[in-house]
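A structural walkthrough
Given next are the chains, with one letter for each unit.
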Amino acid sequence: MQPKIMMKKKSVSASKASLVLFLCQMISALDVPLDSKLLEELSQPPTITQQSPKDYIVDPRENIVIQCEAKGKPPPSFSWTRNGTHFDIDKDAQVTMKPNSGTLVINIMNGGKAEAYEGVYQCTARNERGAAISNNIVIRPSRSPLWTKERLEPNHVREGDSLVLHCRPPVGLPPPIIFWMDNAFQRLPQSERVSQGLNGDLYFSNVQPEDTREDYICYARFNHTQTIQQKQPISVKVFSMDSLNDTIAANLSDTDIYGAKPVTERQPVLLTPTGSTSTKVELRGNVLLLECIAAGLPTPVIRWIKEGGELPANRTFFENFKKTLKIIDVSEADSGNYKCIARNILGSAHHVISVTVKAAPYWITAPRNLVLSPGEDGTLICRANGNPKPNISWLANGVPIAIAPEDPSRKVDGDTIIFSHVQERSSAVYQCNASNEYGYLLANAFVNVLAEPPRILTTTNKLYQVIADSPALLDCAYFGSPKPEIEWFKGVKGSILRGNEYIFHDNGTLEIPVAQKDSTGTYTCVARNELGKIQNEVHLEVKDPTMIIKQPEYKVIQRYGQVSFECIIKHDSTLLPTVIWLKDNDALPDDERFLVGKDNLTIMNVTDKDDGTYTCIVNTTLDSVSASAVLTVVAAPPTPAIIYARPNPPFDLELTGQLERSVELSWIPGDENNSPITNFVIEYEDGLHEPGVWHYQTEVPGTQTTVQLKLSPYVNYSFRVIAVNEIGRSQPSEPSEQYLTKSANPDENPSNVQGIGSEPDNLVITWESLKGFQSNGPGLQYKVSWRQKDVDDEWTSVIVANVSKYIVSGTPTFVPYEIKVQALNDLGYAPEPSEVIGHSGEDLPMVAPGNVQVHVINSTLAKVHWDPVPLKTVRGHLQGYKVYYWKVQSLSRRSRRHVEKKILTFRGNKTFGMLPGLEPYSSYKLNVRVVNGKGEGPASPDKVFKTPEGVPSSPSFLKITNPTLDSLTLEWGSPTHPNGILISYILKFQPINNTHELGPLVEIRIPANESSMILKNLNYSTRYKFYFNAQTSVGSGSQITEEAVTIMDEAGILRPAVGAGKAMASRQVDIATQGWFIGLMCAVALLILILLIVCFIRRNKGGKYPVKEKEDAHADPEIQPMKEDDGTFGEYSDAEDHKPLKKGSRTPSDRTVKKEDSDDSLVDYGEGVNGQFNEDGSFIGQYSGKKEKEPAEGNESSEAPSPVNAMNSFV
């Protein structure tokens, strides 16, 4: 019994898969009003479109509005239940229902009480096709009670002690928001020492004298009712040790020993939560808030870690001075132990919170509306998850399915309802309820059984315009039940569109990826199902692209000159272009000097501000192009009498005001040589660390001759000055005297600190060493420190020489480390360095990707999916995934070859990729591997997939041999790439006449196992063009073309001219039309005429030909009566083609040529008066097998005159 059930499930699953695309389109057609008339005609069960929240807290002072809106055809009616029983709104004067709606309005403002309407409400929307229900809506009025009266004693606290001020707000609905203020309604300041807890209490880690005040007031704000309740003020008085000692001293004698202890520092103690451990339960998707507040002096600092893992990145936040850990959108993976550590200089305290994440039900697969045709199958699937696992129950039209009316087409199987061979009465609305102790989910999904003929919703004769070489999308939005099949045709009587040059989308759209000019035309979309057929025409116009054939060019122009930029364009004649000029990507200045012509931009009287980039932009309704050029404006040439040159170098450099970190430099400028000095550049040399190398120090304006220079410690400075004008830079001045600054601690630490492991068990710490002058003194070294991140470890440090790398050995594989590198010299340390995060060495990944799936898209493209590996098994930085794939064998040849593996790399945490360039009808294998910085992990199990058949390549060759008068022999080779199972070959051929035009086309289908054939019953001395291709079940492959000629006669064989041709006939020379050939034939005819005359003369004289004996030997009874005793006109024939001359000296009186014992009569080759081709161009001799005698008289042909015809005319 079980196998039968499984087979049925498979059948239903396959049916469901076939309905998915149909369902998606149906729902979009019903929900989106593409055609209002269509929507008015279609029946549809009710659908709830709007409802109040499940937990609905209302303001008791305002009217209660419980929403319930639904749509359907016909429009649904509404009813309500309250606390599980029918709610008769007609019997309650305070309750009304909105017209054409299910929304209830309960009138509270006119005497009603909100408390009287507390309860659980549910709405039902019903029409003739089913009933949909809302969630259970729990109505509760909000509450904001007053604080209870209490007597609050003043708090006397010793300085340094901890303190907790309790708020204990009244219980409200919803809970209030708590905050602390003073009598002046100012919020009390909070800090790491003083802060408010999640429960609203105010915590002091240690009190200070300034905390003394009498107006600590806790406020509770109830947002729903917009009210604020106030607690009685709390008084806090902090007494210090000094004041306490003064009080004691005033009451004791000088001989008494007195004195309170001074304020003592204390290690941290947790104020909340108490104890060493606690637990916390939170629901999936909520915000997790964990809190730790500690007492201690100095004020403790809080740090959070997760035991055995890391805090989730991008979802973790710290609030309330790090006392509160906030994790948003929690999931089951966030369960675990969270430790808070409070630390000050005296010690630490910690608390572990064990977090368990439960989950209210959430959807894995919510049921979706199902639209079916009569007799079809389908399924409704309702899958939910939660913690604990939710229970699934079904209802039909709001009634538990167990007691709902029986439907023979319906079968419930756990979370799935299976429908088989549905009828229109099977239409209904089904409800799926998934519930556990933390909540429930309720979803409505209807089954709508429709029988509708196809409709096309796209506008008739819609015009699409695109630019050549760009995609064209032709719409064919449709509707029908069952789902119509869509076909596209081009032209009025065009064939159905197929092939790789088109893409057919599920929504009916036809995509031409690269539209060409010949794509222009009328396209017809046909939608058909078993109830009917409809078609619609759209039109496509492909326009030439707009081009700038003469672009603007770079220009250099002198001031006050004139410049012109050209922009000559070429565009489609049906498109109207507009040309816009921009300057520096902005509109042209509003200046009459800028003249915009048809093909150019002219700027008159150019000034310096015209310098910039000019862009010509050409726009049409379909495309846009642009081109740019730069204009550089230069000064006019100088007057020849004035000589401009670079300035002379400054001189007489002097150092004054020497300090540890600064010095003043002064100089005297050199001659400026007719061009004012614009600035001075000061350079320095470090004679101690880099002698002979000059570095840039600073620069000052050309009017300044002194400068205060900042210096670094432990550098032996020399300075020089360079003057600059518009012509260039002067030679450097002579160096100043040297000045050695004193040593000091380093001012900075090394930069670019990194931690990257080179092996799985080490950490390589690198940095950029300080330059010589940055050392600030002798003995430069580095203090390298590290510790494992998120582990309560102390820093490990080592001091190394002036190097740039240190290797830490024995580390765990790929764990984060906090790293810092500090510079030091003989005088001391640099400032405390900042910390960076590094990682120890990577190792190869441990596991392979799982659940590898391959979806074959077409014969050359496939899509591969896989599940990502857990990040902890990557053991390094995830770089991506590699897909290895290789061809195992061709399914058409069944022959294996050398395996050439191909590799595709997908960066990052991708879980799918495309495999292009596959060979059709082949078997492939692939596997997937994860990649980190160390290398590749293990391969997934090999996945085998097969590509479908494609169209074959062209036959490998086509040879035409053995030409005769009426036949040609064709030989061919099978395609190099069959790409499937060959089912046949297609041979097409047509004659080519003297004007090189193509005659009627004949098509022959040849079995796939043939490799040659003899084509008979052809015209003699005629050129033919052949088209040959192979076919698989997918379609025809590319064709190969050849040309060949049948011979003129058996004696003189003209070899066929063989060669590939295009659609038009090749211009081959026809010998029968050549002048020399016609002249030769005329000469031969003249000689034959003379010979005939001589024969008649000899015969009349009684002469006898020497062939008389030969004729007598034949004893042909038909020939004998033609002879006379004294002489005969004997046998004369120069070729077998001229056999009619064998009969005698003259043509019979009926002017016909009799057929003799040879079957090679010219009549048999289609040379008769009526010809041998039917109107459709088919060759009669090839199919009928008949040979008829035709009259010789009046024999005409479109071919050139043959020698045989000439001979007959002389007999």
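Refer to the structure presented above.
This write-up is about the structure you can find in this document.

Conventions adopted
Residues numbered from 1 in each chain as written. Predicted model: local features only at pLDDT ≥ 70, side-chain atom pairs only at ≥ 80, totals over all residues. Heavy atoms only, no water. Helix = DSSP H or I, 4+ residues; strand = E, 2+ residues; numbered from the N terminus. Buried < 20%, exposed > 50% of the residue type's maximum accessible area, 1.4 Å probe, protein only. Contact = heavy atoms within 4.5 Å. Areas by Shrake-Rupley, 256 points an atom, 1.4 Å probe, with all protein chains shown as cover. Salt bridge = Lys/Arg side-chain N within 4 Å of Asp/Glu carboxyl O. Core = buried A, V, L, I, M, F, W, Y, C linked by side-chain atoms within 4.5 Å. Pairing = 2+ DSSP bridges. Axes fitted to C-alpha atoms, helices over the stretch in contact; angles between N-to-C directions. Phe/Tyr/Trp six-rings, centres within 6.5 Å; stacked < 30°, edge-to-face > 60°. Lys NZ or Arg CZ within 6 Å of the ring centre and 35° of its normal. Disulfide = S-S within 2.5 Å. Expected span 1.5 Å × (residues − 1). 1 Å grid on protein atoms, 1.4 Å probe; cavity = no way out; pocket = protein on both sides within 12 Å on 5 of 7 lines; lining within 4 Å. Points joined across faces, edges and corners; volume = space filled by probe spheres on them. Nonpolar A, V, L, I, M, F, W, Y, C, P; charged D, E, K, R; others polar. Polar contact = N/O pair within 3.5 Å; in protein donor to acceptor, adjacent residues only side chain to side chain. Patch = residues over 30% accessible without salt bridge, like charges linked within 9 Å, V, L, I, M, F, W, Y side chains within 5 Å.

Moving on, we come to the overall build of the protein chain. Helices and strands together make up the secondary structure of the protein chain, namely eight helices and 85 strands. Taking all 1211 residues of the protein chain together, the buried fraction comes to 41%. In the protein chain, of all internal contacts separated by at least 6 residues, the share reaching a separation of at least 24 is 65%. Put simply, the protein chain shows about 64400 Å² of open surface, and 51% of that area lies on carbon and sulfur atoms.

What the rule picks out here adds up to 42 salt bridges. The salt bridge involving Asp-415 is made with Arg-383; its shortest N-O contact spans 3.4 Å. Here Arg-383 lies in strand β31 (residues 383-387) and Asp-415 lies in the loop between β34 (410-413) and β35 (416-419), a separation of 32 residues in the sequence. The partly exposed category is assigned to Arg-383, whose relative accessible area is 37%.

Let us now look at the nonpolar core. Within the largest apolar cluster, 28 residues are counted, with the highest numbers of intra-cluster contacts made by Ile-64, Ile-66, Trp-80, Ile-106 and Tyr-121. When contributions to this core are tallied by element, the ones reaching two or more residues are β3 (64-66), β4 (68-73), β5 (77-82), β8 (104-106), β9 (119-127) and β11 (137-141). Excluding anything up to four places from it in sequence, Ile-106 contacts Asn-63, Ile-64, Ile-66, Gln-94, Val-95, Tyr-117 and Tyr-121.

The subject of this paragraph is the sheet that holds strand β26 (residues 324-327). Taken together, the three strands give an open sheet; going across it, the order is β22-β26-β25, and neighbouring strands pair in antiparallel fashion. One side of each edge strand has no neighbouring strand; the edge strands of this open sheet are β22 (288-291) and β25 (316-319). Neighbouring strand axes in the sheet, compared pairwise and without regard to direction, differ in orientation by 20° on average. Of the strand pairs in this sheet, β22 and β26 are connected by four bridges, and their pairing is antiparallel. What sits directly across from Leu-288, in β26, is Ile-327.

What follows covers the packing of aromatic side chains. Counting across every chain of the model gives 21 aromatic pairs. Residues Trp-767 and Tyr-782 carry aromatic rings whose centres are separated by 5.6 Å and whose planes lie at 55° to one another, so their mutual orientation is tilted. Placement of Trp-767 in strand β65 (residues 762-768) and of Tyr-782 in strand β66 (residues 781-788) is noted, with a sequence separation of 15 residues between them. Note on Tyr-782: relative accessible area 0%, which makes it buried. Geometrically, the ring pair formed by Phe-989 and Tyr-1024 is edge-to-face, given 6.1 Å between the ring centres and 65° between the ring planes. Of this pair, Phe-989 sits in strand β81 (residues 984-992) while Tyr-1024 sits in strand β84 (residues 1023-1031), and the two are 35 residues apart along the sequence. Across the pair, Tyr-1024 and Phe-989 agree in class, each one buried. These aromatic residues form a ring-pair network of at least three members: Phe-179, Phe-185 and Tyr-219. One cation-aromatic arrangement involves Lys-322 over Phe-318; the distance from NZ or CZ to the ring centre is 5.9 Å. The aromatic ring of Phe-912 is capped on one face by Lys-863, whose charged end is 4.8 Å from the ring centroid.

Quick look at the state of the cysteines now. What the rule picks out here adds up to six disulfides. The side chain of Cys-68 participates in a disulfide bridge whose partner is Cys-123; the two sulfur atoms lie 2.0 Å from each other. The chirality of the disulfide connecting Cys-68 with Cys-123 is left-handed, given an S-S dihedral of about -70°. Of this pair, Cys-68 sits in strand β4 while Cys-123 sits in strand β9, and the two are 55 residues apart along the sequence. By relative accessible area, which is 0% here, Cys-68 ends up buried. Here Cys-123 falls in the buried class, since its relative accessible area comes to 0%. Two residues, Cys-167 and Cys-218, share a disulfide whose sulfurs are 1.9 Å apart. Across the disulfide from Cys-167 to Cys-218, rotation about the S-S bond amounts to roughly -65°, and the bridge is consequently left-handed. Taken together, the residues Cys-167 in the loop between β13 (163-165) and β14 (177-181) and Cys-218 in strand β17 (residues 213-222) connect sequence positions 51 residues apart. The pair formed by Cys-167 and Cys-218 is uniform in burial state, with each residue classed as buried. The connectivity of the disulfide bonds within the protein chain can be written as 1-2, 3-4, 5-6, 7-8, 9-10, 11-12, using the sequence rank of each bonded cysteine.

The pairing of strand β32 (residues 391-396) with strand β36 (residues 428-436) spans six bridges and is classified as antiparallel. Bridged to Leu-395 within β36 is Gln-431. Across two bridges, the pairing between β32 and strand β33 (residues 399-400) is antiparallel. Across the sheet, residue Ala-396 finds its bridge partner in β33, namely Val-399. Between β32 and β33, which pair antiparallel in sequence order, lie two residues; one of them, Asn-397, sits at a positive phi of approximately 55°.

The next point concerns helix α5 (residues 1075-1100). Counted at 1.5 Å a residue, the expected span for α5 with its 26 residues is 38 Å, and the 38 Å between its end C-alpha atoms agrees. When α5 is considered as a whole, its buried residues turn out to be Phe-1077, Ala-1085, Ile-1088, Leu-1092, Cys-1095 and Arg-1099.

The next subject is the layout of surface pockets. Estimates place the volume of the second largest pocket at around 890 Å³. Looking at the second largest pocket, it is lined by 22 residues, and the ones nearest its centre are Gly-308, Gly-309, Glu-310, Leu-311 and Lys-872. Listed by contribution, the elements that provide at least two residues to the lining of the second largest pocket are β24 (301-306) and α4 (871-874). Here the lining of the second largest pocket is composed, by residue class, of 10 nonpolar, four polar and eight charged.

All right, on to the side chain of Asp-182 then. Following the sequence through the fold, Asp-182 ends up in the loop between β14 and β15 (194-196). A distance of 2.8 Å separates the side chain of Asp-182 from the backbone nitrogen of Gln-186, its partner in a polar contact. Excluding anything up to four places from it in sequence, Asp-182 contacts Leu-188, Arg-213, Asp-215, Ile-217 and Tyr-219.

Glancing now at the environment of Leu-827. On the secondary structure map, Leu-827 appears in the loop between β69 (816-825) and β70 (828-829). Distance in space between the C-alpha atoms of Leu-827 and Ala-744 is 6.1 Å, their sequence separation being 83 residues. Those residues within four positions of Leu-827 in sequence are excluded, and the remaining contacts are Ser-743, Ala-744, Asn-745 and Pro-778.

This part takes up the sheet that holds strand β54 (residues 600-603). Taken in spatial order, the three strands of this open sheet run β49-β54-β53, and their pairing is antiparallel. In this open sheet, the two edge strands, each paired with only one partner strand, are β49 (563-566) and β53 (594-596). If you compare each strand with its neighbour and ignore which way they point, the axes differ by 15° on average. Across four bridges, the pairing between β49 and β54 is antiparallel. Paired with Glu-566 across the bridge in β54 is Asn-600.

Let us look at a nonpolar patch on the surface. On the surface, Leu-1086, Leu-1087, Leu-1089, Ile-1090, Ile-1093, Val-1094 and Ile-1097 cluster together to form a nonpolar patch covering roughly 620 Å² of accessible area. Within the element layout of this structure, Leu-1089 appears in helix α5.

Turning to unusual backbone geometry, a few remarks are in order. Cis peptide bonds are those with omega within 30 degrees of zero, and the linkage from Leu-297 to Pro-298 qualifies with 0°. By the secondary structure assignment, Pro-298 is in the loop between β23 (293-297) and β24. A cis amide bond links Asn-387 with the next residue in sequence, Pro-388, at an omega value of 5°. Mapping Pro-388 onto the fold places it in the loop between β31 and β32. At Asp-329, a position not held by glycine, the phi torsion is positive, near 50°. Its location among the elements puts Asp-329 in the loop between β26 and β27 (336-344). Its identity is not glycine, yet Asn-752 carries a phi of approximately 55°, on the positive side. Within the element layout of this structure, Asn-752 appears in strand β64 (residues 751-756). For Asn-752, a relative accessible area of 45% translates into the label partly exposed.

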